[in-house]
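# Commentary on secondary and tertiary structure
One letter stands for each residue in the lines below.
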Amino acid sequence: MSPVLSNRAGLKSLLRQVVLLPPLPQNGNVDHQTHWNSAYETKGDEVSWFEGEPTQSLRLIEQFAPAKHSLLDVGSGASWLLVRLAERGWSDLNALDVSSTALALLAERLGGHADVVTMVLADIRTFVAHRSYVTWHDRAVLHFLNRDDDRIAYAETVAASLQPGGVAIIGGFSPDGPTHCSGLEVRQSTSKEIASLFGERFTLLNAEIDTHITPQGNAQSFSWTVLRREETPRTSHC
Ligand SMILES: C[S@@+](CC[C@H](N)C(=O)[O-])C[C@H]1O[C@@H](n2cnc3c(N)ncnc32)[C@H](O)[C@@H]1O
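On a predicted model such as this, the values are computed, not experimentally measured, just so you know.

The next thing to look at is the overall build of the protein. Scanning the protein from terminus to terminus reveals seven helices and 10 strands. For the protein, the share of sequence-separated contacts (at least 6 apart) that also reach a separation of at least 24 residues comes to 73%.

On the secondary structure map, Pro54 appears in the loop between helix H2 (29-43) and helix H3 (55-64). Residue class for Pro54 comes out buried when judged on the 20 C-beta atoms lying within 10 Å of it. Distance in space between the C-alpha atoms of Pro54 and Arg84 is 8.4 Å, their sequence separation being 30 residues. What Pro54 contacts, discounting residues up to four positions off in sequence, is Ser79, Trp80, Leu81 and Arg84.

Take the site of the ligand next. Around the ligand, the surrounding shell holds 19 residues, and the nearest of these are Trp36, Gly75, Gly77, Ser79 and Arg139. Of the residues contributing to the shell around the ligand, the split by class is nine nonpolar, six polar and four charged.

This next bit is on the pairing of strand E4 (residues 117-121). For E4, the tally of buried residues reaches four of five residues, placing the bulk of the element in the interior. One ladder, built from five bridges, connects strand E3 (residues 93-97) with E4; its direction is parallel. Paired with Ala95 across the two strands is Met119, which belongs to E4. This β-α-β element, E3 to helix H5 (residues 100-110) to E4, shows right-handed connectivity.

Another point: the pairing of E3. Where burial is concerned, most of E3 is hidden: five out of the five residues are buried. The side-chain alternation of E3 yields two buried faces, one formed by Leu93, Ala95 and Asp97 and the other by Asn94 and Leu96. As paired strands, strand E2 (residues 71-74) and E3 are joined by four bridges and run parallel to one another. Counted as the bridge partner of Asp73 is Ala95 from E3.

It is worth spelling out H3 at this point. Buried residues of H3: Ser57, Leu60 and Ile61, and no others. In a view along the axis of H3, the buried residues occupy a sector of 100°, so they form one face of it. The outward face of H3, more than 90 degrees from its buried face, is lined by the exposed residues Thr55 and Glu62.

This part is about H5. All of the buried residues along H5 are Ser100, Ala102, Leu103, Ala104, Leu106, Ala107 and Leu110. Gly111, located one to two residues past H5, shows a positive phi value of around 50°.

Here we take up unusual backbone geometry. Unlike most non-glycine residues, Ala140 shows phi in positive territory, near 70°. Within the secondary structure, Ala140 sits in the loop between strand E5 (133-139) and helix H6 (148-161). The exposure class assigned to Ala140 is buried, which follows from the 21 C-beta atoms found within 10 Å.

With 53 residues, the main nonpolar core has Leu82, Ala95, Leu103, Leu106, Trp136, Ala168 and Ile169 as its most contacted residues. The residues touching Trp136, leaving out its near neighbours within four places in the chain, are Leu72, Val74, Val158, Ser161, Leu162, Ala168 and Ile169.

With that settled, the discussion passes to the confidence of the model for the protein. Across the protein, pLDDT averages 89, with 85% of residues at or above 70. Segment residues 6-13: pLDDT under 50, and 13 contacts once partners within four positions in sequence are set aside and those in other chains are kept. Confidence drops under pLDDT 50 across residues 15-29; counting only partners more than four residues distant or on other chains, this segment forms 21 contacts.

Moving on, we come to the environment of Glu156. Assignment of secondary structure puts Glu156 in helix H6. C-alpha separation for the pair Glu156 and Leu197, spaced 41 residues apart in sequence, amounts to 9.7 Å.

Criteria and thresholds
- Residues numbered from 1 in each chain as written.
- Predicted model: local features only at pLDDT ≥ 70, side-chain atom pairs only at ≥ 80, totals over all residues.
- Helix = DSSP H or I, 4+ residues; strand = E, 2+ residues; numbered from the N terminus.
- Contact = placed C-beta atoms within 7 Å.
- Buried ≥ 20, exposed ≤ 12 C-beta atoms within 10 Å, placed from the backbone.
- Near = placed C-beta within 6 Å.
- Nonpolar A, V, L, I, M, F, W, Y, C, P; charged D, E, K, R; others polar.
- Pairing = 2+ DSSP bridges.
- Right-handed = clockwise from strand over helix to strand, strands pointing away.
- Arc of directions from axis to C-beta.
- Core = buried A, V, L, I, M, F, W, Y, C linked by C-beta atoms within 7 Å.
- pLDDT = per-residue confidence, 0-100.

Structure representation (C-alpha coordinates):
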(Lines give C-alpha, C1' and ligand atoms only; values in the text may rest on other atoms or scores of the structure.)
Protein backbone atom coordinates (compact mmCIF):
# COMPACT_ATOMS: atom_id res chain seq x y z
CA MET A 1 0.00 0.00 0.00
CA SER A 2 1.29 3.45 -0.79
CA PRO A 3 2.18 5.47 2.28
CA VAL A 4 -0.14 8.45 2.38
CA LEU A 5 0.97 11.52 4.22
CA SER A 6 -1.84 13.70 5.37
CA ASN A 7 -0.29 17.02 6.28
CA ARG A 8 -3.24 18.21 8.31
CA ALA A 9 -1.14 17.75 11.42
CA GLY A 10 1.07 20.64 10.35
CA LEU A 11 4.36 21.15 8.62
CA LYS A 12 6.56 19.93 11.48
CA SER A 13 4.69 16.71 11.87
CA LEU A 14 4.52 16.26 8.09
CA LEU A 15 8.27 16.56 7.69
CA ARG A 16 8.73 14.06 10.50
CA GLN A 17 6.39 11.66 8.70
CA VAL A 18 8.31 12.06 5.44
CA VAL A 19 11.56 11.19 7.16
CA LEU A 20 10.11 8.25 9.08
CA LEU A 21 8.43 6.55 6.14
CA PRO A 22 9.21 2.87 5.64
CA PRO A 23 11.29 2.05 2.55
CA LEU A 24 9.41 1.58 -0.69
CA PRO A 25 9.19 -1.94 -2.19
CA GLN A 26 12.51 -3.28 -3.50
CA ASN A 27 11.77 -3.14 -7.22
CA GLY A 28 14.28 -0.58 -8.32
CA ASN A 29 12.45 2.29 -6.63
CA VAL A 30 15.21 2.95 -4.14
CA ASP A 31 17.57 3.99 -6.94
CA HIS A 32 14.93 6.34 -8.24
CA GLN A 33 14.43 7.80 -4.79
CA THR A 34 18.16 8.33 -4.39
CA HIS A 35 18.49 9.89 -7.82
CA TRP A 36 15.64 12.35 -7.37
CA ASN A 37 16.40 13.19 -3.74
CA SER A 38 19.93 14.03 -4.79
CA ALA A 39 18.71 16.24 -7.65
CA TYR A 40 16.59 18.33 -5.28
CA GLU A 41 19.23 18.41 -2.53
CA THR A 42 22.06 19.56 -4.80
CA LYS A 43 20.24 21.91 -7.18
CA GLY A 44 17.18 23.27 -5.37
CA ASP A 45 15.42 25.79 -7.65
CA GLU A 46 18.18 25.42 -10.28
CA VAL A 47 16.74 22.09 -11.51
CA SER A 48 16.07 22.42 -15.24
CA TRP A 49 12.31 21.87 -14.86
CA PHE A 50 11.84 24.66 -12.28
CA GLU A 51 9.31 27.33 -13.14
CA GLY A 52 8.51 30.22 -10.86
CA GLU A 53 4.97 30.30 -12.18
CA PRO A 54 3.37 27.13 -13.64
CA THR A 55 1.49 29.16 -16.24
CA GLN A 56 0.81 26.46 -18.82
CA SER A 57 -0.46 23.93 -16.24
CA LEU A 58 -2.67 26.54 -14.55
CA ARG A 59 -4.16 27.62 -17.87
CA LEU A 60 -5.03 24.07 -18.91
CA ILE A 61 -6.43 23.20 -15.47
CA GLU A 62 -8.59 26.34 -15.46
CA GLN A 63 -9.82 25.54 -18.98
CA PHE A 64 -10.50 21.81 -18.58
CA ALA A 65 -11.09 21.37 -14.84
CA PRO A 66 -12.82 24.58 -13.77
CA ALA A 67 -14.97 22.91 -11.07
CA LYS A 68 -12.03 22.40 -8.64
CA HIS A 69 -13.23 18.95 -7.48
CA SER A 70 -10.05 16.94 -6.79
CA LEU A 71 -6.64 16.81 -8.40
CA LEU A 72 -3.66 14.46 -8.25
CA ASP A 73 -0.35 15.99 -9.34
CA VAL A 74 1.82 13.03 -10.30
CA GLY A 75 5.53 13.67 -9.86
CA SER A 76 4.62 16.97 -8.24
CA GLY A 77 8.17 17.58 -7.15
CA ALA A 78 8.37 20.89 -5.30
CA SER A 79 6.38 22.69 -8.01
CA TRP A 80 4.42 25.82 -7.17
CA LEU A 81 1.38 24.37 -8.94
CA LEU A 82 -0.42 23.04 -5.85
CA VAL A 83 0.32 26.24 -3.94
CA ARG A 84 -1.28 28.28 -6.71
CA LEU A 85 -4.31 25.96 -6.88
CA ALA A 86 -4.76 26.13 -3.10
CA GLU A 87 -4.66 29.93 -3.36
CA ARG A 88 -7.42 29.68 -5.98
CA GLY A 89 -9.68 27.76 -3.60
CA TRP A 90 -9.03 24.11 -4.42
CA SER A 91 -9.57 22.03 -1.28
CA ASP A 92 -8.82 18.45 -2.38
CA LEU A 93 -5.28 18.46 -3.73
CA ASN A 94 -2.94 15.48 -3.83
CA ALA A 95 0.80 15.33 -4.51
CA LEU A 96 2.57 12.10 -5.48
CA ASP A 97 6.32 11.80 -5.84
CA VAL A 98 9.05 9.20 -5.45
CA SER A 99 11.27 11.80 -3.75
CA SER A 100 10.73 12.52 -0.06
CA THR A 101 13.04 15.54 -0.41
CA ALA A 102 10.76 17.02 -3.07
CA LEU A 103 7.68 16.47 -0.92
CA ALA A 104 9.36 18.09 2.08
CA LEU A 105 10.26 21.14 -0.06
CA LEU A 106 6.69 21.26 -1.33
CA ALA A 107 5.39 21.16 2.25
CA GLU A 108 7.53 24.21 3.05
CA ARG A 109 6.16 26.00 -0.01
CA LEU A 110 2.58 25.22 0.94
CA GLY A 111 2.90 26.89 4.32
CA GLY A 112 -0.60 27.75 5.53
CA HIS A 113 -2.19 25.82 2.62
CA ALA A 114 -0.76 22.50 3.82
CA ASP A 115 -4.11 21.30 5.14
CA VAL A 116 -5.66 21.00 1.67
CA VAL A 117 -2.90 18.80 0.26
CA THR A 118 -2.44 15.07 0.87
CA MET A 119 1.03 13.77 0.06
CA VAL A 120 1.77 10.32 -1.29
CA LEU A 121 5.34 9.02 -1.37
CA ALA A 122 5.20 6.41 -4.14
CA ASP A 123 6.58 5.29 -7.46
CA ILE A 124 3.93 5.83 -10.11
CA ARG A 125 4.94 2.52 -11.71
CA THR A 126 3.58 0.60 -8.70
CA PHE A 127 1.06 3.11 -7.34
CA VAL A 128 -2.45 1.84 -6.66
CA ALA A 129 -4.98 4.57 -5.91
CA HIS A 130 -7.27 3.93 -2.97
CA ARG A 131 -9.66 6.64 -4.06
CA SER A 132 -10.61 8.32 -7.32
CA TYR A 133 -9.70 11.73 -8.70
CA VAL A 134 -11.43 14.12 -11.09
CA THR A 135 -8.24 15.63 -12.47
CA TRP A 136 -4.83 14.04 -13.14
CA HIS A 137 -1.87 16.33 -13.80
CA ASP A 138 1.58 15.18 -14.91
CA ARG A 139 4.31 17.58 -15.98
CA ALA A 140 7.43 15.70 -17.03
CA VAL A 141 6.97 12.30 -15.38
CA LEU A 142 5.43 9.94 -17.95
CA HIS A 143 8.25 10.87 -20.32
CA PHE A 144 10.72 9.12 -17.99
CA LEU A 145 8.88 5.83 -18.51
CA ASN A 146 10.71 4.45 -21.52
CA ARG A 147 9.54 0.88 -21.40
CA ASP A 148 6.31 -0.04 -23.14
CA ASP A 149 5.08 -2.11 -20.19
CA ASP A 150 5.62 0.81 -17.77
CA ARG A 151 3.75 3.17 -20.11
CA ILE A 152 0.86 0.76 -20.53
CA ALA A 153 0.70 0.27 -16.75
CA TYR A 154 0.70 4.07 -16.32
CA ALA A 155 -2.29 4.43 -18.65
CA GLU A 156 -4.06 1.64 -16.75
CA THR A 157 -3.41 3.46 -13.47
CA VAL A 158 -4.87 6.68 -14.86
CA ALA A 159 -7.93 4.80 -16.16
CA ALA A 160 -8.45 3.14 -12.78
CA SER A 161 -7.92 6.36 -10.79
CA LEU A 162 -9.90 8.91 -12.80
CA GLN A 163 -13.65 9.27 -12.45
CA PRO A 164 -15.62 9.06 -15.72
CA GLY A 165 -15.74 12.58 -17.12
CA GLY A 166 -12.48 13.43 -15.36
CA VAL A 167 -9.48 14.74 -17.29
CA ALA A 168 -5.80 13.85 -17.51
CA ILE A 169 -3.47 16.75 -18.36
CA ILE A 170 -0.08 15.42 -19.39
CA GLY A 171 3.02 17.37 -20.45
CA GLY A 172 6.27 15.81 -21.64
CA PHE A 173 9.07 16.49 -24.08
CA SER A 174 7.92 16.64 -27.68
CA PRO A 175 9.90 15.05 -30.56
CA ASP A 176 11.83 18.30 -31.03
CA GLY A 177 12.49 18.62 -27.28
CA PRO A 178 15.44 17.28 -25.27
CA THR A 179 16.33 13.60 -25.28
CA HIS A 180 17.45 13.63 -21.63
CA CYS A 181 16.40 15.28 -18.39
CA SER A 182 18.16 15.11 -15.02
CA GLY A 183 20.69 12.74 -16.62
CA LEU A 184 17.99 10.23 -17.60
CA GLU A 185 16.84 9.34 -21.09
CA VAL A 186 13.28 10.39 -21.84
CA ARG A 187 10.76 9.18 -24.40
CA GLN A 188 9.64 12.12 -26.51
CA SER A 189 6.02 11.92 -27.64
CA THR A 190 3.41 13.71 -29.67
CA SER A 191 -0.10 14.15 -28.28
CA LYS A 192 -1.27 11.68 -30.89
CA GLU A 193 1.08 9.05 -29.44
CA ILE A 194 -0.09 9.80 -25.89
CA ALA A 195 -3.75 9.54 -26.98
CA SER A 196 -3.00 6.24 -28.68
CA LEU A 197 -1.34 4.92 -25.49
CA PHE A 198 -4.48 5.74 -23.49
CA GLY A 199 -6.80 4.13 -26.05
CA GLU A 200 -10.54 4.25 -26.53
CA ARG A 201 -11.37 4.76 -22.85
CA PHE A 202 -10.20 8.36 -23.33
CA THR A 203 -11.12 11.17 -25.72
CA LEU A 204 -8.48 13.62 -26.85
CA LEU A 205 -9.71 17.11 -25.92
CA ASN A 206 -6.65 19.22 -26.58
CA ALA A 207 -3.11 19.04 -27.95
CA GLU A 208 -0.59 21.84 -27.93
CA ILE A 209 3.10 22.66 -27.79
CA ASP A 210 4.59 24.92 -25.15
CA THR A 211 8.16 26.05 -24.66
CA HIS A 212 9.70 25.93 -21.19
CA ILE A 213 12.72 28.11 -20.52
CA THR A 214 15.00 26.48 -17.96
CA PRO A 215 16.67 28.52 -15.16
CA GLN A 216 19.83 28.21 -17.29
CA GLY A 217 18.04 29.91 -20.24
CA ASN A 218 17.58 26.87 -22.51
CA ALA A 219 14.36 26.36 -24.46
CA GLN A 220 12.61 22.99 -24.09
CA SER A 221 9.66 21.98 -26.25
CA PHE A 222 6.83 20.26 -24.38
CA SER A 223 3.83 18.59 -25.91
CA TRP A 224 0.70 18.93 -23.78
CA THR A 225 -2.20 16.51 -24.05
CA VAL A 226 -5.63 16.71 -22.41
CA LEU A 227 -7.73 13.53 -22.34
CA ARG A 228 -11.20 12.90 -20.93
CA ARG A 229 -11.94 9.59 -19.21
CA GLU A 230 -15.07 8.10 -20.77
CA GLU A 231 -17.49 5.66 -19.17
CA THR A 232 -16.18 2.15 -19.69
CA PRO A 233 -18.51 0.64 -22.28
CA ARG A 234 -20.61 -2.23 -20.97
CA THR A 235 -19.99 -5.55 -22.67
CA SER A 236 -23.01 -7.65 -23.51
CA HIS A 237 -23.07 -11.32 -24.36
CA CYS A 238 -25.86 -13.38 -25.80
C1 LIG B 1 11.19 16.66 -14.12
S2 LIG B 1 10.56 16.62 -12.50
C3 LIG B 1 9.01 17.51 -12.66
C4 LIG B 1 8.48 17.97 -11.33
C5 LIG B 1 7.16 18.75 -11.39
N6 LIG B 1 6.13 18.01 -12.06
C7 LIG B 1 7.37 20.08 -12.05
O8 LIG B 1 6.77 20.35 -13.07
O9 LIG B 1 8.12 20.87 -11.49
C10 LIG B 1 10.04 14.93 -12.38
C11 LIG B 1 9.46 14.61 -11.00
O12 LIG B 1 8.91 13.30 -11.05
C13 LIG B 1 9.37 12.55 -9.94
N14 LIG B 1 9.45 11.16 -10.44
C15 LIG B 1 10.31 10.64 -11.34
N16 LIG B 1 10.05 9.36 -11.57
C17 LIG B 1 8.97 9.05 -10.80
C18 LIG B 1 8.22 7.87 -10.59
N19 LIG B 1 8.53 6.73 -11.23
N20 LIG B 1 7.19 7.91 -9.72
C21 LIG B 1 6.88 9.05 -9.06
N22 LIG B 1 7.55 10.20 -9.21
C23 LIG B 1 8.59 10.21 -10.07
C24 LIG B 1 10.70 13.14 -9.56
O25 LIG B 1 11.03 12.96 -8.21
C26 LIG B 1 10.47 14.61 -9.90
O27 LIG B 1 9.94 15.32 -8.79
